[in-house]
Amino acid sequence: MNNKTLYTTIFWLTCFSIAMGYLETAVVVYLRELYYPSGFCFPLTPIGPDIGMTEFWREAATVIMLIGAGIMAGKNGPQRFAFFMYCFAVWDIFYYIFLYLILGWPESLFTWDILFLIPVPWVGPVIAPCLVALAMILLAVTIIYAQINGQSGKMIAREQLIMIAGILLILFSFMWDYIEYVQLNHAGNSFWSFDPDKDLFSEAAAYVPKEFNWKLFIPGLTLLFGGVILFAIRVAAVKDRKPAVMLESDIKQES
């Protein structure tokens, strides 16, 4: 893929992701009109099984579409991964931009939101997923930059492990408060979103988030950005080397 084709691909992926962000916003606008006519707030309103399962699978379909966009646009594994992350991040950011333009919500970056439903509801302040999206864009740009400069764009094991550890901490931080509430107040009840025999959020009729688990999120975000930065430093270092003196071990590491 030459540079002109690459930039054209990124342009259309950006357009696609922004459009998907608007579609996501439109669905949420309809849902809030149905379930939160006075404006979205906690506690969450239980949603009947039919709509609940529709919403669960809609979120799964959204992720599949973003993965599909990355796979179709990319020419190799690292590029497909980069395009998927880029699409996901742009979609997520513009979802909140359009919500603010249409509904004037969120009131601030620290407004609580229901972030995702799979496999359990995720909750957190709006700033949290936006920061993760910025890390995803930085990683995607680094992979593409590496490939433009003749590198494979693959991460080595150390970088992968650091980022995976960060991602796991971030995911736990999103799910922690909701799971803790259900365990403390509805012991024995299932907190999984996928249950066609019950109302979605039925176990959270009185749930109001109290405190986001920054003790998990901040270390997780630090590890995520740290892994990306280590990868970016290595990519830059390899680019600055002269090909004639590049060691065989470096070539193997890049592949």
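Each remark here, short or long, concerns the structure printed above.
Description of the structure in this document.

**Focus on the overall build of the protein**
So, step 1. Looking only at helices and strands, one finds seven helices and two strands in the protein.
So, step 2. Starting at the N terminus and walking to the C terminus, you meet the elements of the protein as α-α-α-β-β-α-α-α-α.
So, step 3. In terms of overall dimensions, the protein has a C-alpha envelope of 65 × 35 × 35 Å along the principal axes.
So, step 4. Contacts in the protein between residues at least 24 apart in sequence constitute 76% of all its contacts with a sequence separation of at least 6.
So, step 5. Here the protein displays about 13400 Å² of accessible surface, and carbon together with sulfur accounts for 69% of that area.

**Looking at the pattern of salt bridges**
So, step 1. A full pass over the atoms with the stated rule returns four salt bridges.
So, step 2. Residue E24 is joined to R58 by a salt bridge in which the shortest nitrogen-to-oxygen separation is 2.7 Å. Taken together, the residues E24 in helix α1 (residues 3-35) and R58 in helix α2 (residues 49-73) connect sequence positions 34 residues apart. Across the pair, R58 and E24 agree in class, each one buried.

**Quick word on helix α3 (residues 77-103)**
So, step 1. Compared with an ideal rise of 1.5 Å per residue, which puts 27 residues at 39 Å, α3 spans 39 Å between its outermost C-alpha atoms and is within 8% of the ideal.
So, step 2. Where α3 begins, one side-chain oxygen reaches toward the backbone nitrogen of Q79, 3.0 Å away; that side chain belongs to N76.
So, step 3. Immediately downstream of α3, the backbone of G104 shows phi near 70°, a positive value.

**Notes on the pairing of strand β1 (residues 112-116)**
So, step 1. Taken across its five residues, β1 has five buried, putting it largely inside the fold.
So, step 2. With four bridges joining them, β1 and strand β2 (residues 122-125) adopt antiparallel strand pairing. Paired with D113 across the bridge in β2 is G124.
So, step 3. Hairpin connection between β1 and β2: a loop of five residues separates the two successive antiparallel strands.

**Examining the packing of α2 against α3**
So, step 1. Taken N-terminus to C-terminus, the directions of α2 and α3 make an angle of 140°; their axes are 7 Å apart at the nearest point. On the basis of the axis angle, α2 is oblique to α3. Crossing hand, α2 versus α3: right-handed. Residues T62, V63, L66, I67, A69, G70, I71 and A73 of α2 form the contact with α3, whose participating residues are Q79, R80, F83, F84, C87, F88 and W91.
So, step 2. Along the lines of polarity and charge, the residues of the contact of α2 with α3 split into eleven nonpolar, three polar and one charged.

**Examining the nonpolar core**
So, step 1. Residues L44, Y96, L139, F174, Y178, F201 and F217 are the most contacted members of the largest nonpolar core, which totals 66 residues.
So, step 2. Listed by contribution, the elements that provide at least two residues to this core are α1, α2, α3, β1, β2, α4 (127-148), α5 (157-185) and α6 (214-240).
So, step 3. For this core, the element with the most residues is α3, which contributes twelve residues.

**A word on the packing of α1 against α3**
So, step 1. Interhelical geometry of α1 versus α3 gives an angle of 45° and a closest axis separation of 7 Å. The orientation of α1 with respect to α3, classified from their angle, is oblique. Regarding α1 and α3, the two cross each other, and that crossing is right-handed.
So, step 2. Its residues assigned to classes, the contact of α1 with α3 comprises 19 nonpolar, five polar and two charged.

**Topic: unusual backbone geometry**
Glycine aside, residues mostly have negative phi angles, and peptide bonds mostly take the trans form.
So, step 1. The omega torsion of the bond from W105 to P106 falls at 10°, within 30 degrees of zero and hence cis.
So, step 2. For P106, the location among the structural elements is in the loop between α3 and β1.
So, step 3. The omega angle of the peptide bond from I118 to P119 is -5°, so this bond is cis rather than trans.
So, step 4. Inspection of the secondary structure assignment puts P119 in the loop between β1 and β2.

Conventions used here
- Residues numbered from 1 in each chain as written.
- Predicted model: local features only at pLDDT ≥ 70, side-chain atom pairs only at ≥ 80, totals over all residues.
- Heavy atoms only, no water.
- Helix = DSSP H or I, 4+ residues; strand = E, 2+ residues; numbered from the N terminus.
- Contact = heavy atoms within 4.5 Å.
- Areas by Shrake-Rupley, 256 points an atom, 1.4 Å probe, with all protein chains shown as cover.
- Salt bridge = Lys/Arg side-chain N within 4 Å of Asp/Glu carboxyl O.
- Buried < 20%, exposed > 50% of the residue type's maximum accessible area, 1.4 Å probe, protein only.
- Expected span 1.5 Å × (residues − 1).
- Polar contact = N/O pair within 3.5 Å; in protein donor to acceptor, adjacent residues only side chain to side chain.
- Pairing = 2+ DSSP bridges.
- Axes fitted to C-alpha atoms, helices over the stretch in contact; angles between N-to-C directions.
- Parallel < 35°, antiparallel > 145°, perpendicular 65-115°, else oblique.
- Left-handed = near helix turned anticlockwise from the far one by under 90°.
- Nonpolar A, V, L, I, M, F, W, Y, C, P; charged D, E, K, R; others polar.
- Core = buried A, V, L, I, M, F, W, Y, C linked by side-chain atoms within 4.5 Å.

Interpretation note: all reported values are geometric properties and have no functional meaning in isolation.
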